[in-house]
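So you can see what is in the structure, the chains are spelled out below.
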Amino acid sequence: MALEADYLVIGAGATALSFVDTLLEQDEQATVVMIDRHSAPGGHWNDAYSFVALHQPSSSYGVNRVPLGQDRIDEAGPNKGFFELASGAEVLAYFQSVMRDHLLPTGRVQYFPNSEYDGERGFRNIFSGEETQVTVRRKLVDTTYFETSVPSTHKRAFAVADGVRVVVPGALPDLWKSGPLPPHYCILGAGKTAMDTGVWLLEAGIPTDSITWVKPRESWLINRATVQPGEQFFDSTIGGQISIMKAAATATSGAEIFNQLERDGVMLRIDRDVEPEMFHYATISQGEVDRLRGIGNVVRMGRVEAVEHGRMVLQGGEVAMPEGTLYIDCTASAVRPKPVAPQWQGDRIVLQLLHVPLVTLNSAVSAFIEANFDTDEEKNALCHPVSFIDNIDGYAGIILGTGINRFTWAQNPKVSEFLAASRLDPSAPTIRQLRETAPERLGIIAEMQGAVMAAMPNLQKLAAKAATEAQAG
């Protein structure tokens, strides 16, 4: 089979769908072929555990032209008082609707699930083996830079003795269907999946003394109270950004930045007595942190190497465990730092991070720039990819890179106008609205601009230092 289209998009996850949504709006002639290995749109959301939810408010996630959620403030639970967080099921249904009801009816999108790119401008159906060649008139769009590892699909890096039960988080809600419940639960991993699992166990009624938590590293966490969109949260959200810049202006290390931000209420950590080494932009509420602090049996002996009857073997030694313990594998990493390259590479676009961590905003901006600017030089000058981080010392580089992109976009009238109308941007539409309805509230913007200018020299110094140390070690 042979097809022809302006763009061949590898992937049908959040990044790909956001890109195509904006591309079709900005270029009324563009045609697109989308391929993905999953059987439904949504990328890794197809593989996510059943109780997963967004870290960020639903109102600023998804594709630009299709709202997600009801812009509702939660009135109960650990997210009480903040904008709703769509569940994994809601996100998956949303993306399926985006494809079925929004993209395909244009007649300009062809979508092929269960398909794998062959590296040569073609793809193969995973089940039938049928091969299809695509004549691409303009660009190949590679969205796999963001490829995420999730518990249900990753390969374990530890050994499991015969008869020892290890499950992924998604299996927890169905445990009651398969006989007696385990006497003890052990969470393996310290990332956001592990945190979600801990909250689920506690809210399911599991006693804290029946839970062990293996945490190779402690993590800094963004306080969700400081990243809320909309007028009612404007001062606290911009205030959080000002705090980041003020901390970055004087700090001599990443650790100093984070400790100051903890004092300012911008960052949280679960264990106040352990200095975090990790930061993956996980966002959490104080209510969730309070619950997780109730888990007192925490093992800090590095990563798990083997689980056996009655014991765990870790990098730093062994720990006795109750017989019949159920181990919950949360060791998959959603973040894999990768080298960056220009997004526009001739006949190829490689979508990357621009405004960390807002992946769907990144891809919408990229699609806007693809449709409204002519040369690769112009496009790449507006989009400087930012590498993700695995440790706290790289945070300065991300603040710097994101800030440079935001400044560049603000100076370009076309991009600035697009952002001011974009539901995916958590601040620009609010600023536009306040200019019309309450301009007196915008005085804080001048303080923000001053804080940014004061922080830039030190951010450059800290980012250069971190890059040198990373290369050396």
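Above this text you will find the structure in question.
Residues numbered from 1 in each chain as written. Predicted model: local features only at pLDDT ≥ 70, side-chain atom pairs only at ≥ 80, totals over all residues. Heavy atoms only, no water.

Enquirer: Would you explain the pattern of salt bridges in this entry?
Expert: Proximity of charged atoms lets side chains of opposite charge pair with each other. If you walk through the whole model with that rule in mind, you get 29 salt bridges. Note that E4 and R137 form a salt bridge whose closest N and O atoms lie 2.8 Å from each other. Note that E4 is positioned in strand β1 (residues 2–10) and R137 in strand β6 (residues 131–142), a separation of 133 residues in sequence. By relative accessible area, R137 is classed as partly exposed at 42%. A salt bridge links E203 to R291; the shortest N-O distance between them is 3.2 Å. Of this pair, E203 sits in helix α3 (residues 192–203) while R291 sits in helix α6 (residues 286–292), and the two are 88 residues apart along the sequence. The class for E203 is partly exposed, based on a relative accessible area of 49%. You can call R291 partly exposed: its relative accessible area is 32%. (Salt bridge = Lys/Arg side-chain N within 4 Å of Asp/Glu carboxyl O. Helix = DSSP H or I, 4+ residues; strand = E, 2+ residues; numbered from the N terminus. Buried < 20%, exposed > 50% of the residue type's maximum accessible area, 1.4 Å probe, protein only.)

Enquirer: Would you explain the pairing of strand β3 (residues 109–112) in this entry?
Expert: For a regular strand, the rule is simple: side chains alternate between the two faces of the sheet. Bridge count for strand β2 (residues 32–35) against β3 is 4 bridges, and the pairing is parallel. Across the sheet, the residue bridging to M34 is Y111, located in β3. (Pairing = 2+ DSSP bridges.)

Enquirer: Explanation requested: the sheet that holds strand β12 (residues 267–268) in the structure shown.
Expert: Paired through their backbone hydrogen bonds, the strands of a sheet run either parallel or antiparallel. Spatially, 3 strands are ordered β12-β11-β13 in an open sheet, and the strand pairing comes out mixed. One side of each edge strand has no neighbouring strand; the edge strands of this open sheet are β12 and β13 (283–284). The sheet contact formed by strand β11 (residues 221–223) and β13 spans 2 bridges and is parallel. Across the sheet, residue N223 finds its bridge partner in β13, namely I284.

Enquirer: I keep staring at the sheet that holds strand β14 (residues 298–299) and nothing clicks. Help me out?
Expert: Ordered in space as β8-β18-β9-β10-β14, the 5 strands form an open sheet in which the pairing is parallel. The sheet terminates laterally at β8 (165–167) and β14, the two strands that pair on one side only. Relative to β14, strand β10 (residues 211–214) runs parallel, the two sharing 2 bridges. Within the sheet, the bridge partner assigned to V214 lies in β14 and is V299. Set on the sheet, α3 makes contact with β9 (185–188), β10 and β18 (326–329); between it and β9 the angle comes to about 160°. (Contact = heavy atoms within 4.5 Å. Axes fitted to C-alpha atoms, helices over the stretch in contact; angles between N-to-C directions.)

Function cannot be inferred from these measures alone, as they are strictly geometric.
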